[in-house]
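Chain by chain, the residues run as shown.
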Amino acid sequence: MANKIESVKAVKGMNDFLPADAERWEAFEEIVRDWLRSYGYRPIRTPILENTALFCRGVGEHTDIVEKEMFSFDDRPDSKGNTDNLTMRPEGTAPCVRAVIEHNLLFSQPQRLYYNGPMFRYERPQKGRYRQFHQVGVEALGFAGPDVDAEHIVMCARLWDDLGLDDVTLEINSLGDAAERARHRTELIAYLEAYQDKLDEDAKRRLYTNPLRVLDTKNPDLQAIVDGAPKLMDYLGEESLKHYEGVTALLREAAVPYKLNTRLVRGLDYYNRTVFEWTTTRLGAQATFCAGGRYDSLIEQLGGKAAPACGFAMGMERVMLMWTEGMEDAPMVTPDVYIVHLGELAGRVAFRAAEQLRSAGLSAVYHCGGGSFKSQMKKADASGSAFAIIVGDDEAQAGEVSLKPLRGEGEQRRVSLDALAEELAEMLYGE
Ligand code: ATP
Ligand code: MG
């Protein structure tokens, strides 16, 4: 016997979505699209690959993403022998902002934009954490007021509601502006230095590069220390406080409950003022399924004309895990009819009938691969269709088909080919 050829497997941490799953994803994406349109957001699509510099500048050198999570590689040399270092996008905000700057989209008006697609991070795969995962991201560019921050949070609350997700918690905080953060930073470093020998490796490393992130630690041994750390909230000036109060007033107006978490920070350097996270207890360690906030300095930092902005991104896998929990395995999408046929003329008539039905807006599966009537009818049944259309020699000669209800009541009967689409549509959709 010849050696068995070894099969090639998917890359670690990167998932296939088989039809049952992929159908749910499509259903989810439809809900998401309607939801985004209802708030006036428009789609933007950017490439998977970007120059690595975009993320170093746009996400920040001292973030988990840039320090250790990027899929980066040298491109092939061009004709002059120069190579670019490219990165598979780990997140969508920097690419979106790059595109907005490159195409001057903020020239005459602010923009409400969204994207939906795969992101790549080199992480240890586990439930809700993958190396290729998907985000829906929403960005509002050119708006300075607290109303748009509140809009983002309220629109999230609406989506969770539409999806029937309970057990979700909103945490919110304000990071103030750069000057306020700088003052807080000095005192935070001084405070943490007093605990130098108690800090873990991560915290020591971040102490001078990104001390805010120390507050974010999951290490239980450090909780008492970070609990007592100076709170950014206490350093906010009048403008920042007013902004925060503007956001929370609208949340109360919309009856969206929130919890102030003074230790909530975002990993990325460019955030200011509003930050928020949606968490759940249903996903174990991967509790945060949606996060965002304001980033008024990013556009300028990436070379654009200064303009305020805010946005958020949800991890679709994490939302899907919650949404599909307990959902039936049955296919979400079934064809209207399954067409069985026996004989050469019948095959041709059936093929034509199938196309007629599709022209009339119905979905029809034409049986391929032959077989007895009995075996074809089994397939028809398994397809989940409401009707089977049966074409034998008899029907074919008469320019008719037999219409057999597969679910519930009703007798099999003959219908002329000409009347078929209309009758079926009437029965299926009452049109
Ligand atoms: P975490 O703390 O879980 O690593 P993060 O702060 O790195 O999350 P963001 O960069 O804010 O995440 O991305 C927004 C959302 O994208 C997260 O809230 C999460 O739902 C999702 N997400 C991030 N990384 C992954 C991943 N590796 N796999 C699946 N979803 C992810
Ligand atoms: Mg992460």
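Rules and cut-offs
Residues numbered from 1 in each chain as written. Chains lettered and ligands numbered in written order. Predicted model: local features only at pLDDT ≥ 70, side-chain atom pairs only at ≥ 80, totals over all residues. Heavy atoms only, no water. Domains from an automatic or database assignment. Near = heavy atom within 4 Å. Polar contact = N/O pair within 3.5 Å; in protein donor to acceptor, adjacent residues only side chain to side chain. Areas by Shrake-Rupley, 256 points an atom, 1.4 Å probe, with all protein chains shown as cover. Helix = DSSP H or I, 4+ residues; strand = E, 2+ residues; numbered from the N terminus. Nonpolar A, V, L, I, M, F, W, Y, C, P; charged D, E, K, R; others polar. Axes fitted to C-alpha atoms, helices over the stretch in contact; angles between N-to-C directions. Parallel < 35°, antiparallel > 145°, perpendicular 65-115°, else oblique. Left-handed = near helix turned anticlockwise from the far one by under 90°. Contact = heavy atoms within 4.5 Å. Buried < 20%, exposed > 50% of the residue type's maximum accessible area, 1.4 Å probe, protein only. Pairing = 2+ DSSP bridges. Phe/Tyr/Trp six-rings, centres within 6.5 Å; stacked < 30°, edge-to-face > 60°. Lys NZ or Arg CZ within 6 Å of the ring centre and 35° of its normal. Lys, Arg positive; Asp, Glu negative; His and termini not counted. Salt bridge = Lys/Arg side-chain N within 4 Å of Asp/Glu carboxyl O. Patch = residues over 30% accessible without salt bridge, like charges linked within 9 Å, V, L, I, M, F, W, Y side chains within 5 Å. Charge placed at Lys NZ, Arg CZ, Asp CG, Glu CD. Arc of directions from axis to C-beta.

Draft legend 1. Quick peek at the domain arrangement of the chain. Each assigned domain of the chain is listed here: domain 1 (19-177 + 237-324) and domain 2 (337-426). On a C-alpha basis, the centroid separation for the pair domain 1 and domain 2 is 48 Å.

Draft legend 2. Structural context of the site of ligand 1. Around ligand 1 there are 15 residues in total, and Arg121, Glu123, Arg129, Tyr130 and Arg266 lie nearest to it. One nitrogen or oxygen atom from the main chain of threonine 288 is found 3.3 Å from an oxygen atom belonging to ligand 1. Its free accessible area being 590 Å², ligand 1 has 83% of it covered by the protein chains. Broken down by element, the shell around ligand 1 gets its largest block of residues, 4 residues, from strand β10 (residues 288-294). Of the residues that constitute the shell around ligand 1, the class distribution is 6 nonpolar, 4 polar and 5 charged.

Draft legend 3. A look at unusual backbone geometry. Even without glycine at this site, asparagine 104 takes up a positive phi of about 55 degrees. When you line up the elements, asparagine 104 lands in the loop between α4 (93-102) and β5 (111-120). Backbone geometry at aspartate 167 places phi at a positive 55 degrees, although glycine is not the residue there. Structurally, aspartate 167 can be placed in the loop between α5 (146-162) and β7 (168-174).

Draft legend 4. Quick peek at the packing of helix α12 (residues 344-359) against helix α15 (residues 417-429). Running from amino to carboxyl end, α12 crosses α15 at an angle of 40 degrees, the nearest separation of the two axes being 10 Å. As the angle between them shows, α12 and α15 are arranged oblique. Here α12 and α15 pass one another in a crossing that is right-handed. From α12, Val349, Arg352, Ala353, Gln356 and Leu357 reach across to α15, where they touch Leu417, Leu420, Ala421 and Leu424. Across the contact of α12 with α15, the residue classes break down as 7 nonpolar, 1 polar and 1 charged.

Draft legend 5. Fine view of the pairing of strand β12 (residues 337-341). Judged by how many residues are buried, β12 sits mostly within the fold: 5 of 5 residues are covered. Burial along β12 is two-sided: the residues Val337, Ile339 and His341 and Tyr338 and Val340 are all buried. Across 3 bridges, β12 lies against strand β13 (residues 364-366) in parallel orientation. Opposite valine 337, over in β13, you have alanine 364 as the bridge partner.

Draft legend 6. How the structure looks around the environment of valine 333. For valine 333, the location among the structural elements is in the loop between α11 (316-323) and β12. Taking relative accessible area as the criterion, valine 333 reaches 54% and is therefore assigned exposed.

Draft legend 7. Quick look at the sheet that holds strand β15 (residues 400-405). Ordered by their spatial adjacency, 5 strands build an open sheet running β13-β12-β14-β15-β16, and the pairing between neighbours is mixed. Looking at strand neighbours, the two that pair on one side only are β13 and β16 (413-416), the edges of this open sheet. Put simply, the sheet's adjacent strands are angled 30 degrees from each other on average, direction ignored. As paired elements, β15 and β16 share 4 bridges and run antiparallel to each other. Pairing of leucine 403 across the sheet is with arginine 413, part of β16. The strands touched by helix α13 (residues 373-382) are β12, β14 (387-391) and β15; relative to β12, the strand with the most contacts, the crossing angle is about 170 degrees. Contacting β12, β14, β15 and β16, α15 crosses the sheet at an angle of about 120 degrees to β16.

Draft legend 8. Inspection of the packing of aromatic side chains at higher detail. On inspection of all chains with the given rule, the structure shows 10 aromatic pairs. Centroid distance phenylalanine 276 to phenylalanine 312: 6.2 Å. Interplanar angle 55 degrees. Geometry classified as tilted. In this pair, phenylalanine 276 sits in strand β9 (residues 272-280) while phenylalanine 312 sits in strand β11 (residues 309-315), placing the two residues 36 residues apart along the sequence. Judged by relative accessible area, phenylalanine 276 falls into the buried class, the value being 2%. An aromatic cluster is present here, built from Trp35, Phe276 and Phe312 joined pairwise through their rings. Against the face of tyrosine 122 rests arginine 131, its NZ or CZ located 4.0 Å from the ring centre.

Draft legend 9. Focus on α4. The buried fraction of α4 amounts to 8 of the 10 residues, a majority that puts the element mostly inside the structure. Among all positions of α4, only Thr93, Ala94, Pro95, Cys96, Val97, Arg98, Ala99 and Val100 are buried.

Draft legend 10. Here's a closer look at the side chain of glutamate 171. One can find glutamate 171 in strand β7. Lysine 259 is the oppositely charged side chain nearest to the buried, salt-bridge-free glutamate 171, at an N-O distance of 4.1 Å. Within the structure, glutamate 171 has its side chain in polar contact with the side chain of asparagine 261 (distance 2.8 Å). When residues no more than four places from it in sequence are discounted, the contact partners of glutamate 171 are Lys259, Asn261, Leu264, Val275, Phe276 and Glu277.

Draft legend 11. Region of interest: a negative patch on the surface. A surface patch of like charges, here negative, comprises Asp74, Asp75, Asp78 and Asp84. You can call aspartate 84 partly exposed: its relative accessible area is 43%.

Draft legend 12. Inspection of helix α7 (residues 201-209) at higher detail. Listed as buried for α7 are Ala203, Arg206 and Leu207. On an axial view of α7, the arc spanned by its buried residues comes to 125 degrees, and they lie on one face. On its buried face, α7 sits against α3 (64-69) and α6 (178-193).

Draft legend 13. Examining the sheet that holds strand β6 (residues 132-141) more closely. Strands sit in the order β1-β5-β6-β11-β10-β9-β7-β8 across an open sheet of 8 strands; the sheet is mixed. A strand with exactly one partner marks an edge of an open sheet, and here the two such strands are β1 (42-43) and β8 (259-260). Pairing analysis gives 7 bridges linking β7 to β9, with the strands arranged antiparallel. Following the sheet pairing, glutamate 171 is matched in β9 by glutamate 277. Taken strand by strand, helix α1 (residues 19-38) contacts β5, β6 and β11, and its axis lies near 5 degrees from that of β6. On top of the sheet, α5 reaches β5, β6, β7, β9, β10 and β11; it is set at about 20 degrees to β11, its chief contact.

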